[in-house]
Amino acid sequence: MKQHSANNSAKYISVHLRFEEDMIAFSCCIYDGGGEEKLDMDVARERGRRGKFTKPGRVIRPGDNRLNGKCPLTTLEVGLMLRGMGYDRSSNIYLASGRIYDSERHMALLLDMFPLLQLRKRLILCWV
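Residues numbered from 1 in each chain as written. Predicted model: local features only at pLDDT ≥ 70, side-chain atom pairs only at ≥ 80, totals over all residues. Heavy atoms only, no water.

### Observations regarding helix H6 (residues 103-113)
All of the buried residues in H6 are His106, Met107, Leu110 and Met113. For H6, the arc enclosing every buried residue in end-on projection is 115 degrees, short of the 170-degree limit, so these residues lie on one face. Counted as exposed and oriented over 90 degrees from the buried face of H6: Glu104 and Asp112. Buried residues along H6 sit against helix H5 (75-84), strand S2 (92-95) and strand S3 (118-119). (Buried < 20%, exposed > 50% of the residue type's maximum accessible area, 1.4 Å probe, protein only. Helix = DSSP H or I, 4+ residues; strand = E, 2+ residues; numbered from the N terminus. Arc of directions from axis to C-beta. Contact = heavy atoms within 4.5 Å.)

### Some thoughts on the pattern of salt bridges
Where charged atoms from two side chains of opposite charge come close, those side chains can pair. Here the structure, examined in full by the defined rule, presents 3 salt bridges. A salt bridge links Arg18 to Glu20; its shortest N-O distance comes to 3.7 Å. Taking relative accessible area as the criterion, Arg18 reaches 36% and is therefore assigned partly exposed. With a shortest N-O distance of 2.7 Å, Asp102 and Arg105 are connected by a salt bridge. Taking relative accessible area as the criterion, Asp102 reaches 32% and is therefore assigned partly exposed. On the basis of relative accessibility, which here comes to 32%, the residue Arg105 falls in the partly exposed class. (Salt bridge = Lys/Arg side-chain N within 4 Å of Asp/Glu carboxyl O.)

Pasting the structure below:
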């Protein structure tokens, strides 16, 4: 990574994006996926932690979680943060993360902001 960026005299950074299904589900945060996302997250919570999130008396407050910084950043938020740090379209961004939830929709924004973005899978294939 470093050598490739040095050869192109561009900035590079590696980011561990925590926008995987389980991270979103267990944070009990709401994003912009509507009813389908809510159903996906309810199923993921139940699959991973049977009953923990549906106990009687348990109150989940997604808005409070968001305000208290307990929600994983979206791909757009990460992109805006990177832009604010001085990374631009010519920057090499190496994404180290698992399977991004609803990746087709969420990754489109980040790929548009950073066309040189490389996914972990692509990097692994280069070394095999």
